[in-house]
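Tertiary structure, described
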Amino acid sequence: MFPFDSLSCEIVLESYSFNTDEVRLMWHDVPITMMEKVELPDFDLIGWSTDHQRLEYPNGIWDRAKVKFTFARRYGFYLFQSYFPTSLTVISSWVGFFFDVRSVSARITLGVSSLLALTFQFGNVLRHLPRVSYIKCLDVWMIFSVIFIFCTLVELAIVCQLNRWERERQIGSKVLGHWLNQIRKTRKKESKSGEEGTGLLRKRIPVLAQLKAAAAASDSSSATPTTTTIQAQGSENNKAAGNNFTTIEHETFAYEKKSGWSHRFRQFVYTLCPPDRDWTITSVQVLYCLLENE
């Protein structure tokens, strides 16, 4: 319990060579008389007590008179030199709780300075104390003071991390909202363009029969002997149209071929996993997904 402990000092009175047959030791009604007030720099005499014993030895029985003085330690010095300064150091480390979250450097400086000051005070106190192996009350006080200041630094780290997550959530929600809107717009545009392309191909498919018939008629007319320039030009245009028809035919066949199950499966896979997509996952995206699940 140092420095709030008390000490006991005993004085034993006993005859060395005379037993109770020759010498008897007894206490008076007022066993102790104080000639003057006892004053010590570190202790106060708070009381005493007397005791009488009879001990058996091989040579007989001896009397023993025992008195015990109790002293209480004066802890005023330790209060002013250890407890009050360390208390103020711990309280000063709590001032950082009232700082703004963004003033991280000031809070770190305050916490580390308080920790170093407390360590210096603890070393200064231990320098004037005896080296003992047991734990004293002053040691417990100092250890808990260090733990309090260390907890303020841990609180600073937790608050900074929560503040960073909050800012990322506020900024990331806006960024992700804009990002998702852009993705939706691009998908809508792609779907509209795909529908327009398939519609044009579907419109071209019924016309193929008419174009083939016109090409056959132009071939038959070109087989008969003609002399007019208009008919020659018509035959050339019909041949060009026939070539175009062949190209359209190939495109239509390709479209019909792409409309099979394999093409549908590829479209489904490309919809889930686009080949041109950036698969880099950021912390903002993960945080957004967690918030959506919550």
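Everything numeric here is computed off the predicted structure, so don't read it as measured data. (Residues numbered from 1 in each chain as written. Predicted model: local features only at pLDDT ≥ 70, side-chain atom pairs only at ≥ 80, totals over all residues. Heavy atoms only, no water.)

What follows is about the overall build of the protein chain. Each helix and strand in the protein chain was counted, giving six helices and three strands. When its helices and strands are written in sequence order, the protein chain yields β-β-β-α-α-α-α-α-α. In the protein chain, the proportion of contacts linking residues at least 24 apart, taken out of those at least 6 apart, comes to 73%. (Helix = DSSP H or I, 4+ residues; strand = E, 2+ residues; numbered from the N terminus. Contact = heavy atoms within 4.5 Å.)

This part is about the UniProt feature "transmembrane region" (unreviewed entry) in the protein chain. Taking the UniProt record as the reference, the feature "transmembrane region" (unreviewed entry) is found at residues 75–99, 105–126 and 138–159. In residues 138–159, helix accounts for 100% and strand for 0%; the two terminal C-alpha atoms are 32 Å from one another. (UniProt positions renumbered as here; feature names shortened; annotations may be inferred.)

Right, let's get into the packing of aromatic side chains. Going through the model one piece at a time under the given rule, you end up with eight aromatic pairs. Ring geometry for phenylalanine 4 and tyrosine 75: centres 4.9 Å apart, planes at 55 degrees, overall tilted. Of this pair, phenylalanine 4 sits in the segment before strand 1 (6–14) while tyrosine 75 is found in the loop between strand 3 (60–73) and helix 1 (76–93), placing the two residues 71 residues apart along the sequence. With relative accessibility at 39%, the residue tyrosine 75 sits in the partly exposed group. For the pair phenylalanine 80 and phenylalanine 84, a centre-to-centre distance of 5.5 Å together with 90 degrees between the ring planes defines the contact as edge-to-face. Taken together, the residues phenylalanine 80 and phenylalanine 84, both in helix 1 and four residues apart, mark about one turn of the helix. Members of the aromatic cluster, joined through ring pairs, are Phe4, Tyr75, Tyr83 and Trp141. (Phe/Tyr/Trp six-rings, centres within 6.5 Å; stacked < 30°, edge-to-face > 60°. Buried < 20%, exposed > 50% of the residue type's maximum accessible area, 1.4 Å probe, protein only.)

All chains considered together, the criterion is met by eight salt bridges. Note that aspartate 63 is salt-bridged to arginine 24, the shortest N-O span being 2.7 Å. With a gap of 39 residues between them, aspartate 63 in strand 3 and arginine 24 in the loop between strand 1 and strand 2 (43–57) connect regions that are remote in the sequence. On the basis of relative accessibility, which here comes to 47%, the residue arginine 24 falls in the partly exposed class. For lysine 136, the salt bridge identified is with aspartate 139, shortest N-O distance 3.1 Å. A single salt-bridge network, built from bridges that share partners, covers Arg24, Arg54 and Asp63. (Salt bridge = Lys/Arg side-chain N within 4 Å of Asp/Glu carboxyl O.)

Looking now at the pairing of strand 2. Bridge count between strand 2 and strand 3: 14 bridges; the pairing is antiparallel. Counted as the bridge partner of leucine 45 is phenylalanine 71 from strand 3. What sits between strand 2 and strand 3 in their antiparallel hairpin is a turn of two residues. (Pairing = 2+ DSSP bridges.)

What follows concerns the sheet that holds strand 3. With antiparallel pairing, the three strands of this open sheet are ordered in space as 1-3-2. Looking at strand neighbours, the two that pair on one side only are strand 1 and strand 2, the edges of this open sheet. On average, each strand axis in the sheet is inclined to that of its neighbour by 20 degrees, with strand direction left out of account. (Axes fitted to C-alpha atoms, helices over the stretch in contact; angles between N-to-C directions.)

Another point: unusual backbone geometry. In the segment running from phenylalanine 2 into proline 3, the intervening peptide bond is cis, with an omega of 5 degrees. Relative to the elements of secondary structure, proline 3 occurs in the segment before strand 1.

With that settled, consider the side chain of threonine 86. Tracing the backbone through its elements, the reader meets threonine 86 in helix 1. Note on threonine 86: relative accessible area 1%, which makes it buried. For threonine 86, the side chain forms a polar contact with the main-chain oxygen of tyrosine 83, separated by 2.9 Å. Among residues more than four places away in sequence, those in contact with threonine 86 are Leu118, Gln121, Trp141, Met142 and Ser145. (Polar contact = N/O pair within 3.5 Å; in protein donor to acceptor, adjacent residues only side chain to side chain.)

Phe2, Tyr78, Tyr83, Val90, Leu118, Val125, Leu129, Leu138, Met142 and Ile149 form the largest nonpolar core, which has 10 residues in total. Of all elements in the fold, only helix 1, helix 2 (104–126) and helix 3 (137–223) reach the threshold of two or more residues within this core. Not counting the four nearest positions on each side in its chain, leucine 129 is found in contact with Phe2, Tyr78, Lys136 and Leu138. Core analysis: the next-biggest nonpolar cluster, separate from the first, contains five residues, Phe43, Val67, Phe69 and Phe71 among them. (Core = buried A, V, L, I, M, F, W, Y, C linked by side-chain atoms within 4.5 Å.)

With 18 residues, helix 1 extends 25 Å between its outermost C-alpha atoms, agreeing within 8% with the 26 Å of an ideal straight helix rising 1.5 Å per residue. At tyrosine 83, helix 1 shows its strongest bend, of approximately 30 degrees, with the proline proline 85 following within four residues. Every buried residue belonging to helix 1 is among Tyr78, Ser82, Tyr83, Thr86, Thr89, Val90 and Ser93, and all of these are buried. (Expected span 1.5 Å × (residues − 1). Bend = angle between axes of the 7 residues up to and from the residue.)

Moving on: the side chain of serine 93. Along the chain, serine 93 falls in helix 1. Under the relative-accessibility criterion, serine 93 is labelled buried at 5%. A polar atom in the side chain of serine 93 sits 2.4 Å from the backbone oxygen of valine 90. Dropping the residues within four chain positions of it, serine 93 is found in contact with Leu110, Ser114, Ile149 and Thr152.

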